[in-house]
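Residue strings, one per chain:
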Amino acid sequence: PVGIRPHRVWAVSLYRGTRSHENFAERKTGVLQLLREQHADLIYLLGGQSGRDVDKAAGCSELGFPWVSGPEALGEEQLLPGCAAYYRLVLDGEFVNA
């Protein structure tokens, strides 16, 4: 976090040109999922490949982690099961392309 008062504020960096960046820029919201050690086999699929080239949901399912619908508070996003935490992120202010 970069601030805790009056509200907790986080700085998040997303690579430009990725679907994650495009989706967050368009929606101004997303879910940050804090993975556990059990998710280690998913790292390359989720972080080293583009959703334009591979079906990440299918890949996670093949590795034993089918995506699930999250609680209403997290919106319509599909989530990985068993994460240590799920954080709803909402853009506060302007989008900064640094």
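This text goes with the structure placed above it.
Residues numbered from 1 in each chain as written. Predicted model: local features only at pLDDT ≥ 70, side-chain atom pairs only at ≥ 80, totals over all residues. Heavy atoms only, no water.

Let us look at the packing of aromatic side chains. According to the stated counting rule, one finds two aromatic pairs in the structure shown. With a centroid separation of 5.6 Å and an interplanar angle of 40°, the aromatic rings of Trp10 and Tyr87 are classed as tilted. Of this pair, Trp10 sits in the segment before helix H1 (19-27) while Tyr87 sits in strand E4 (residues 85-90), and the two are 77 residues apart along the sequence. Overall, Trp10 belongs to the partly exposed group, its relative accessible area being 41%. Here the aromatic rings of Phe24 and Phe95 are separated by 6.4 Å at their centres, their planes lie at 40°, and the arrangement is tilted. With Phe24 in helix H1 and Phe95 in the segment after E4, the pair connects residues that are 71 residues apart, well separated along the chain. On the basis of relative accessible area, Phe24 is assigned to the buried category, the value being 15%. (Phe/Tyr/Trp six-rings, centres within 6.5 Å; stacked < 30°, edge-to-face > 60°. Helix = DSSP H or I, 4+ residues; strand = E, 2+ residues; numbered from the N terminus. Buried < 20%, exposed > 50% of the residue type's maximum accessible area, 1.4 Å probe, protein only.)

Let's shift gears to the pattern of salt bridges. All told, the structure shown has two salt bridges when counted by the stated rule. When the shortest N-O distance is used, the salt bridge between Glu22 and Arg52 registers 2.4 Å. With a gap of 30 residues between them, Glu22 in helix H1 and Arg52 in the loop between helix H2 (43-47) and helix H3 (56-62) connect regions that are remote in the sequence. The partner of Arg88 in a salt bridge is Glu77, with the nearest N and O atoms 3.1 Å apart. With Arg88 in strand E4 and Glu77 in the loop between strand E2 (68-69) and strand E3 (78-79), the pair connects residues that are 11 residues apart, well separated along the chain. (Salt bridge = Lys/Arg side-chain N within 4 Å of Asp/Glu carboxyl O.)

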